[in-house]
Structure formats: structure tokens, C-alpha cells
Amino acid sequence: METHAYRGEILISVYYDGECPFCTRYVGLMRLQRADEVSLINLRENPEERAALEAQGYDLDGGMVVDDRGTRFSGDKAVSYLAALSTPSDAFNRLNRVVFSYDWVAALLYPLMRAGRWVTLFLMGQPLMGDVEDTNRHRREIFATFFAFFSIFHVFNYAFEYKVFPPTWDLLAIGVVALALLFRPSSSRILFALMAISTVSTVLQAPIGSNHTIVRAAALLGYWLSFFTAMARNDHVDKVFERFAPAGCAALLVMYFYGVFHKINADFLNPITSCATALWREMPWPLAAMQGPVIDYSAIYGTFVVEGIIAAALLYRPTRHFAVAAGIAFHLLLSLSSYSMYISFTTLSITLHSLFLSENGARAVLNSPVVTAVRAKLAEPIYKGLVVAWLLGLISLAVSGNYTLTTVATLPFILPFCWAVLRYGGEPRDAAEPSRRSIPVIGLIVGALFFANGAMPYLGLKTAQTINMFANLRLEAGASNHLVFSADHRPFGYLDDVVTLPKSGNYVVYYEVLSWAERNPERTVTFIKDGTLYENANAASLKGEIDRVLFPRWVNKWFHFRQVDLTLPKPCGI
């Protein structure tokens, strides 16, 4: 026991967390009027004192405890009580007394101090004093492995298909941290770092947003809502993933919904223009050799059937692991097409599918013979080197645009996992059902926001960042090829106002022209609107329209429009 007692009887005991640098620094700087009567007790080094206080109902992670001759104070009341005893010996103690001696100020500020302690312990890798068993460790490890895998392909996607080369600093940082997480998927702190860098990158990339980037953005929103909720509530770190998992599941289900709903249009159902047949024609041999009306319509309607069945099966606990395996297989099949570098979307899809596994199922998958063998090999230095060499090989395939072989090269890693999920990922029959199911509030919030985002084109709002899903969807210029939503009753008219770019012959929504001009004030654009030619227009000449039409710039990062294709029937395109 660490004791500061110079004479007389010890009457005041301050119980604090010795692993928390803020707490230790605070009690070290305190100078009390009755310093000779004070004992500072580090609860990490005094388990008996800690157990006694916990038995009396004190939440030791909720704040320090002060005992003054049998009268005890905890949390903000303890800080306020100590502040009232502070001496004016130095600036810290004077400030401490002025600020925290008022009960209402201490009550207001103490949650911030407690949240700071929570984050500090998390970043240091120190558990809370009331730490409990990590009940999501295996699920989190599987998720982290595939999120790292996806993040590496995300970098490839932007660098080699979208020509962001050399990669920007945020993409390089994602690649480095993702590689670290791939080798240490059990690390919550590396996962946190990858989530943080991915979030910064999402903001920097906006308004550019591919399908997988916007799905990732929904998952990132769920992670941060979960993280800050756990921080505010002073929960076990495991609660971050526990609250996040339903958000990732909700994002996947919304993705499946729009994967079907966006495609309910005349041009997706038309074998001549359908993206389903376009992707199939780019499949490797012998799949691409299978052609004809039967194959065309099977590809088109098979999309509805397969995605619908997978989504429904994910919602039913006994069939959930079958749906996870089927979802992995389906998205792997899509990524075999060389039509686009689909593997980044596929690995993100696998990542989100893994969240539907129960902890028991995830444990069984990780402990299965095939996955155990792969993990044992990857722990050896020589195999880590082979993984790096394999990634370099993937880079060469991506640079050459050989997307089919890029996917094929991933199969030795993904297929064993898919088999293990199918064979071992089900919930054991004798598994205990949880006595009480909590409402997945964060999952509902993320699902609702993501659903609203996907619905915006039908309201006449933005078309970009709304999960296009190779759907042939056409809603611009007062037209609609969707078989449910026509263009007649849209509450907003942004999509109807389309202008022509005569130099390229392309068409764009007028709002996007104004937004582009506002973001690039030094550049000019020539366009035709309502039969009038606006030549070499810029932000200055369009200022009146920009002020009248545009939302603030921070809104425009998430509110923009794809290039309009007025061809009817509309051909496949993202």
C-alpha cells in the first residue's frame, strides 16, 4: 500500500486506478489541507481493498473512491470533496479547487474525465478493473482478418482501377495498417487504427464513392457509434464489437435489399442490356462459353432468387451459417468476372457476412482443422514472407487488369474458411439461449440511415453513393425505367435538370455542374442548359446559381450525382 502519512492517524483514504496515468497524475499532484492524514491506495496492487469496495457496490471503473473517517464518496462527488480540501499551493491545486469544489461542475465534467480514462486504458491495452470475459473474441478475429483483407484490395482498387496512382497518403496508411491487422487480427487497437484511418480516407475521398466505399462508410458509422457509446457508458471494450456487429449486419441486409430492388427495372430484365449478362460474358472459360437465352435469363433472374434467399436465410438462426457460406460463394462467383475489379466488394461482403456468425459458431470455425492449419502456418515467419510475396503478385495482376486471376489467387485463403463455416459454423443444438436479448439500437440506426440513403434516387435526390449494384437503373431527365417507381411523383426535381457537355457529348445533372464549379473555382466548364450555351463558365460567373441551388460544401461531399446516360434502353454501367 502506497501511503503518504507524516504524522498522526490516517483518516482519509483515496482509492484510485494505478494503471490510469491520468488518475495517477491527479492524485500525485493533489495537495490537501490534511495531507498528513491521507493514504493513497492503488487498487491494482491491493486486490483485497478492491474486492471489499466492489462487494459494497462501488463501481471502481466509474471513478475513484474517497473515505473520510467512514464517510465515502465516489466518482464526481469524490473529486468535488477532494477539491474542497485542496490547498492553494500551486496552479493545479488552485484550479482544481476553483473548478471542482462546486458539485454541479464536478458532475458535469467528471464524465469527460472518465471517458478520457477509458480511451487511455484502451489505447494502452490495459483492461478495466472490472474487466469481464471477452465474449466476442472469435467473431471479432474473423471480422478483423477479412476487414484487413478487404482494406488491402480497397487500396488496389483505387490505385489500379480508379488510377489514384501513386496512392495518396491515406491509402498507403490503410495498406500498412491492414497488413499489420492481417498478421494480428486479435488486436482491438490495430482494428481501431484501421477503422480510424479508413474513416479519414472516406472523408478525404468524398465526393468520390464506389459501391464498396459507401457500404464501408455505413459500417464505419456503426463502429464509431458503438465505440463512443462504450466510452460514454464506461463499458468493457468487448461491448464495442457487440454493439457494432448488428450495425454491420444491418448494412449487409440493406445492401441485399437494394441489390434486388434497384434491379427491378426494364433494362436489367432485358438480356441485351442487362448487367447480369454483361458480367457473365466476362466470366472465365468455361463459364463464358455457356451462352444463349436460357443462360441469359438464368443470370438475370438468378440474381433475384439467390440474393433474396441469402438475405432471408441470414435472418433465421438455424440457416444463418448456410447463408454466410452461400453469400461468400455467390460474391466470389461475381468477382470472377473481369468486367470490373469486383474482389474489393466481395471481400467486404465476406467481412460483413462473418458478423452473422454466433460466437460459438465463430469459435468452432477458428478451431476447425482446416482453419487451424492455415493459422498455424501463417504464424511462421517464412509463411508471413510468402503472404507478402503473394500480395505483391496480386498487385501485378491488378496492374495488368486481370481481375479474374486476382480473384482466383484469393481462393486458397477464402474457400477453406467458406468450407469451415458450412461444416462447423452452425449454432450447436445444446447452446444456451441468451436469457434476454437487447434491442440492437445502433444496428437499427445504421440500417435506417443506410436504407434512406439508398432510397434517395426514387425521391429525386442524389444518385451517387446510393449502392448502384450494377442495376441498369435510369431515373434522370424526367424518365424512369424502374417498374415500381415512375418519374411522375418524385418530391424533388434535382434529377430532372440535366445539362449537356458539348465537348464530350456527356450529360450530367445541373446540380453536379454547380458543385464541381464550386469545388474547382480556377477551372471552367462549357454546357448547354435548356437550349442555352454557357461557354467557359466558372464559379465566379455561376455564383448566383451556386448560392441559390447548392447546399453547404460539407453536405455536397455526400450529395452528388453519377454521369447521366440518356441511351434507351440503358446499357450496363456503374
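Please refer to the structure higher up on the page.
Parameters at a glance
- Residues numbered from 1 in each chain as written.
- Predicted model: local features only at pLDDT ≥ 70, side-chain atom pairs only at ≥ 80, totals over all residues.
- Heavy atoms only, no water.
- Helix = DSSP H or I, 4+ residues; strand = E, 2+ residues; numbered from the N terminus.
- Contact = heavy atoms within 4.5 Å.
- Areas by Shrake-Rupley, 256 points an atom, 1.4 Å probe, with all protein chains shown as cover.
- Lys, Arg positive; Asp, Glu negative; His and termini not counted.
- Charge placed at Lys NZ, Arg CZ, Asp CG, Glu CD.
- Axes fitted to C-alpha atoms, helices over the stretch in contact; angles between N-to-C directions.
- Parallel < 35°, antiparallel > 145°, perpendicular 65-115°, else oblique.
- Left-handed = near helix turned anticlockwise from the far one by under 90°.
- 1 Å grid on protein atoms, 1.4 Å probe; cavity = no way out; pocket = protein on both sides within 12 Å on 5 of 7 lines; lining within 4 Å.
- Points joined across faces, edges and corners; volume = space filled by probe spheres on them.
- Nonpolar A, V, L, I, M, F, W, Y, C, P; charged D, E, K, R; others polar.
- Expected span 1.5 Å × (residues − 1).
- Buried < 20%, exposed > 50% of the residue type's maximum accessible area, 1.4 Å probe, protein only.
- Disulfide = S-S within 2.5 Å.
- Pairing = 2+ DSSP bridges.
- Salt bridge = Lys/Arg side-chain N within 4 Å of Asp/Glu carboxyl O.
- Polar contact = N/O pair within 3.5 Å; in protein donor to acceptor, adjacent residues only side chain to side chain.

A. Up close: the overall build of the protein chain. Tallying secondary structure elements over the protein chain gives 22 helices and eight strands in all. Here the C-alpha coordinates of the protein chain stretch approximately 95 × 65 × 45 Å along the principal axes. For the protein chain, the share of sequence-separated contacts (at least 6 apart) that also reach a separation of at least 24 residues comes to 72%. Of the accessible surface of the protein chain, which amounts to about 26,300 Å², a share of 63% is contributed by carbon and sulfur atoms. Where the 48 positive side-chain charges of the protein chain centre and where its 47 negative ones centre are 2 Å apart.

B. View of the packing of helix α9 (residues 211-233) against helix α14 (residues 343-354). Across the interface, α9 lies against α14 with an axial gap of 9 Å and an inter-helix angle of 25°. With respect to each other, α9 and α14 are oriented roughly parallel. The way α9 lies across α14 gives a crossing that is left-handed. For the pair α9 and α14, contact is made by N211, H212, V215, R216 and A219 and by S344, F345, L348 and L352, respectively.

C. Fine view of the layout of surface pockets. In this structure, the second largest pocket encloses a volume near 890 Å³. Around the second largest pocket sit 34 residues that line it, and I208, G209, A464, H560 and R562 are the ones nearest its centre. Counting residues per element, the ones that place at least two in the lining of the second largest pocket are α6 (137-161), α9, α14 and α20 (510-519). Sort the elements by how many residues they give to the lining of the second largest pocket and α20 lands first, with four residues.

D. Local environment of empty space enclosed by the protein. Evaluation of the coordinates by the stated rule reveals two cavities of 30 Å³ or more. Roughly 90 Å³ of volume is contained in the largest cavity. Lining the largest cavity are F122, R140, S188, L191, Y223, F227, V237, D238, V240 and F241. Listing elements by their share of the lining of the largest cavity, those giving two or more residues are α8 (188-205), α9 and α10 (238-261). The element that contributes the greatest number of residues to the lining of the largest cavity is α10, accounting for three residues. Residues that form the lining of the largest cavity fall into these classes: seven nonpolar, one polar and two charged. Its boundaries defined by the atoms lining it, the second largest cavity holds a volume of some 60 Å³. Looking at the second largest cavity, the residues that line it are T202, Q205, A206, I208, G209, S210, T213, I214, Q465 and W558. Looking at the lining of the second largest cavity, the elements with two or more residues in it are α8 and α9.

E. Structural view of helix α19 (residues 441-455). Here α19 spans 21 Å end to end across 15 residues, near enough to the 21 Å set by a 1.5 Å rise per residue. Taken together, the buried positions of α19 are I442, G443, V446, G447, F450, N453, G454 and A455. Elements that come into contact with the buried residues of α19 comprise α9 and α10.

F. Main features of the side chain of D296. Tracing the backbone shows D296 in helix α12 (residues 293-314). Those residues in contact with D296 that lie beyond four places of it in its chain are P271, T277 and Q291.

G. Highlighting the environment of T319. Here T319 is to be found in the loop between α12 and α13 (320-335). The spatial distance from the C-alpha of T319 to the C-alpha of G426 is 7.8 Å, given a sequence separation of 107 residues.

H. Layout of the state of the cysteines. The final tally for this structure, using the stated rule, is one disulfide. Shown here is the disulfide that connects C275 with C572, its sulfur atoms set 2.0 Å apart. Linking C275 and C572, the disulfide has an S-S dihedral of approximately 105° and is accordingly described as right-handed. Here C572 lies in the segment after α22 (553-556) and C275 lies in helix α11 (residues 275-281), a separation of 297 residues in the sequence. C572 matches C275 in its accessibility class, with the two residues each being buried. With no disulfide of its own, C249 lies closest to C418 among cysteine sulfurs, the gap being 17 Å. On the basis of relative accessible area, C249 is assigned to the buried category, the value being 12%.

I. Just the sheet that holds strand β1 (residues 12-16), in detail. The mixed open sheet is built from four strands, whose spatial order is β2-β1-β3-β4. What marks the edges here is a single partner per strand, and that holds for β2 (38-42) and β4 (71-74). The sheet shows a mean angle of 15° between the axes of neighbouring strands, taken without regard to direction. Looking at chain direction, β1 and strand β3 (residues 65-68) are connected through four bridges and run antiparallel. Bridge pairing in β3 places S13 opposite D67.

J. Region of interest: the packing of α14 against helix α18 (residues 403-424). At a minimum axis distance of 11 Å, the contact between α14 and α18 shows a crossing angle of 20°. The orientation of α14 relative to α18 falls into the category roughly parallel. For the pair α14 and α18, the sense of crossing is right-handed. Contact residues: I343, T347 and I350 in α14; T406, T407, T410 and I414 in α18. Residue composition of the contact of α14 with α18, grouped by class: three nonpolar, four polar and no charged.

K. How the structure looks around unusual backbone geometry. Of the consecutive residues W285 and P286, the connecting peptide bond is found in the cis state with omega at 10°. In this model, L568 is joined to P569 through a cis peptide bond whose omega is -5°. Positionally, P569 belongs in the segment after α22. For D530, which is not a glycine, the phi torsion comes out positive at approximately 55°.

L. A look at the pattern of salt bridges. Enumeration over the complete set of coordinates arrives at 20 salt bridges. Close ionic contact of K239 with E242 constitutes a salt bridge, the shortest N to O distance being 3.2 Å. Placement of the pair is K239 and E242 together in helix α10, with a separation of three residues, close to one helical turn. Looking at E242, the relative accessible area reads 30%, which means it is partly exposed. Taken together, the shared-partner salt bridges connect D17, R44, D61 and R117 into one network.

M. Representation of the side chain of D267 within the structure. If you trace the backbone, D267 turns up in the loop between α10 and α11. Buried charge D267 goes without a salt bridge, the closest partner of opposite sign being R474 at 7.0 Å. Polar side-chain contacts of D267 include one of 3.0 Å to the side chain of N481. Once residues lying within four places of it in the same chain are set aside, the contact partners of D267 are T273, S274, N472, N481, P569 and K570.

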